[in-house]
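# Structural characterization, general
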Amino acid sequence: MATAGKIISCKAAVAWEFDKPLVIEEVEVAPPQEKEVRIKIVATGVCQSDLYFLLKCMDKALFPSVFGHEAAGIVESIGPGVTEFQPGDKVIPLFMPQCRECRFCKSPKTNLCVNGSAGHIDGKNFESSRITCKGKKLLQFLGVSSFSEYTVVKELALAKIDPAAPLDKVCVIGCAICTGYGAAVNSAKVEPGSTCAVFGLGAVGLAAVMGCRAAGAKRIIAIDINPEKFEKAKIFGATDVVNPNDHSKPIHQVMVEMTNGGVDYSIECIGNVEIMRRALESCIPGWGVSVIAGWTNMQDISTEPIQLMKGRKWTGTLFGGFKGKDGVSQMVKAYLDKKVMVDELITHNMTLDQINEAITLMKHGQCIRTVLSVSPQ
């Protein structure tokens, strides 16, 4: 392309400060360096994780930043040493990279990647950012920064997808779908005929409901304090819906009574440590498994040791246990084969200029997933 090797000036939604509206700015996106790929972002979802770091966690070391990590786009140019991608490829950037070479990538036991961790899940590396504004480097959130018309990512943090995939739909596979669906099938390992409870019916929770159904669960209890989400949960496979506010007893007691002792599997999709505990205690002793899929780093989790001593298992998941490159391409294919629902999660479509409106919708629980059109294909 004509822009290869040159700095690209484009629009991005910049977070200059914690808990302040994003500002649409002109930014400069540098050419990709060794083993890097520059991509044009076509569509991006607005995820609760973006809102968490923008509005809740009060980590000022993250600013100024370009948020966004659930996206799909097209390769614009490649840096030296890149062998897996060519300009024009349809791709999804990964906040969970996969180098395929480290001991973690070679193990079937985890989807972590030693070579991809810096600048991603726990990274605040401004120096590696390829995005600047007004002479100042902007943090690339989770190594992605999809609230920008262009961005640069590492080759190991990018998945090539089927050219037939509609980018304004499959972008949500880059976070919500894989996280929730994988929490059920990969992390909980839900078995046919089992009983499951899913706490929280945002995009991740609904994907978890879908994963439980795909795994063959016979009873799937969907739990949320917003009853407007219940019909959507039934579309994804919920057999029961429960609003904790309708009960005088704690929700874990309600679950135990509803299921004759507790559910086989529970999945927490909110990021609330109190609900994480209740999800665990909703599980049946002996073999119950509870998976934490919701993100928070502001509080510790706790429970009575006897809850685990009785045989319950408490575990967590990042990106639903999917290895980044393999899992994303697999889930895009499943979508194209009509084995995974994606369109049904998208309740609003907006443009990058409307990003603050999209944030307000999510902040007040008025959407499941908003997809922003960032650049024309």
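Scope of this entry: the structure provided in the associated data block. (Residues numbered from 1 in each chain as written. Predicted model: local features only at pLDDT ≥ 70, side-chain atom pairs only at ≥ 80, totals over all residues. Heavy atoms only, no water.)

## Digging into the packing of helix 3 (residues 176–188) against helix 4 (residues 203–214)
As a reminder of what qualifies: Angles here are taken between N-to-C directions and fall from 0 to 180 degrees, while the axes themselves are lines fitted to C-alpha atoms, restricted in helices to the stretch in contact. Going along the chain from the N terminus, every DSSP run of H or I of four or more residues is numbered as a helix, and every run of E of two or more is numbered as a strand. We call two directions roughly parallel when the angle between them is under 35 degrees, roughly antiparallel when it is over 145, roughly perpendicular when it lies between 65 and 115, and oblique otherwise. What makes a crossing left-handed is the near helix being turned counterclockwise from the far one by less than a right angle; a clockwise turn instead makes it right-handed. Pairs of residues are marked as contacts when any of their non-hydrogen atoms sit within 4.5 Å. Put simply, Ala, Val, Leu, Ile, Met, Phe, Trp, Tyr, Cys and Pro go in the nonpolar bin, Asp, Glu, Lys and Arg in the charged bin, and everything else, Gly too, in the polar bin.
Between helix 3 and helix 4, the shortest axis-to-axis distance is 7 Å and the interhelical angle comes to 40°. By the angle between their axes, helix 3 is oblique relative to helix 4. Considering the relative orientation of helix 3 and helix 4, their crossing is right-handed. The residues of helix 4 that touch helix 3, namely those facing Ala176, Ile177, Thr179, Gly180, Tyr181, Ala184 and Val185, are Ala203, Val204, Ala207, Ala208, Met210, Gly211, Cys212 and Ala214. Broken down by class, the residue content of the contact of helix 3 with helix 4 amounts to twelve nonpolar, three polar and no charged.

## Regarding the sheet that holds strand 8 (residues 136–137)
Applicable threshold: A pair of strands is considered paired only if DSSP assigns at least 2 bridges between the two.
On the basis of which strands lie adjacent, the open sheet formed by four strands has the order 1-2-7-8 and antiparallel pairing. Only two strands of the sheet have a single neighbouring strand rather than two, namely strand 1 (8–14) and strand 8. One ladder, built from two bridges, connects strand 7 (residues 131–133) with strand 8; its direction is antiparallel. Residue pairing for strand 8: Thr132 is matched across the bridge by Lys137.

## Section: helix 7 (residues 273–281)
This is how the line gets drawn: Remark: exposure states derive from per-residue accessible area (1.4 Å probe, protein chains only) relative to the maximum for the residue type, with buried under 20%, exposed over 50%, and partly exposed in between.
Among all positions in helix 7, only Val273, Met276, Arg277, Ala279, Leu280 and Glu281 are buried. Contacts from the buried residues of helix 7 go to strand 12 (195–199), helix 6 (251–258), strand 15 (265–268), strand 16 (289–292), helix 8 (305–309) and strand 17 (313–316).

## So, the packing of helix 1 (residues 48–56) against helix 10 (residues 355–363)
For the pair helix 1 and helix 10, interaxial distance at closest approach is 11 Å and the crossing angle is 95°. In terms of orientation, helix 1 lies roughly perpendicular with respect to helix 10. Across the interface between the two elements, Gln48, Leu51, Leu54 and Leu55 from helix 1 touch Ile359, Met362 and Lys363 from helix 10.

## Observations concerning unusual backbone geometry
With an omega of -5°, the peptide bond running from Phe63 to Pro64 counts as cis. Summarising the element assignment, Pro64 is placed in the loop between helix 1 and strand 4 (65–66). At Lys134, a position not held by glycine, the phi torsion is positive, near 55°. With respect to the element layout, Lys134 can be found in the loop between strand 7 and strand 8.

## Some details on the environment of Pro376
Relative to the assigned elements, Pro376 resides in the segment after strand 19 (369–373). Separated by 227 residues in sequence, Pro376 and Glu149 place their C-alpha atoms 9.4 Å apart.

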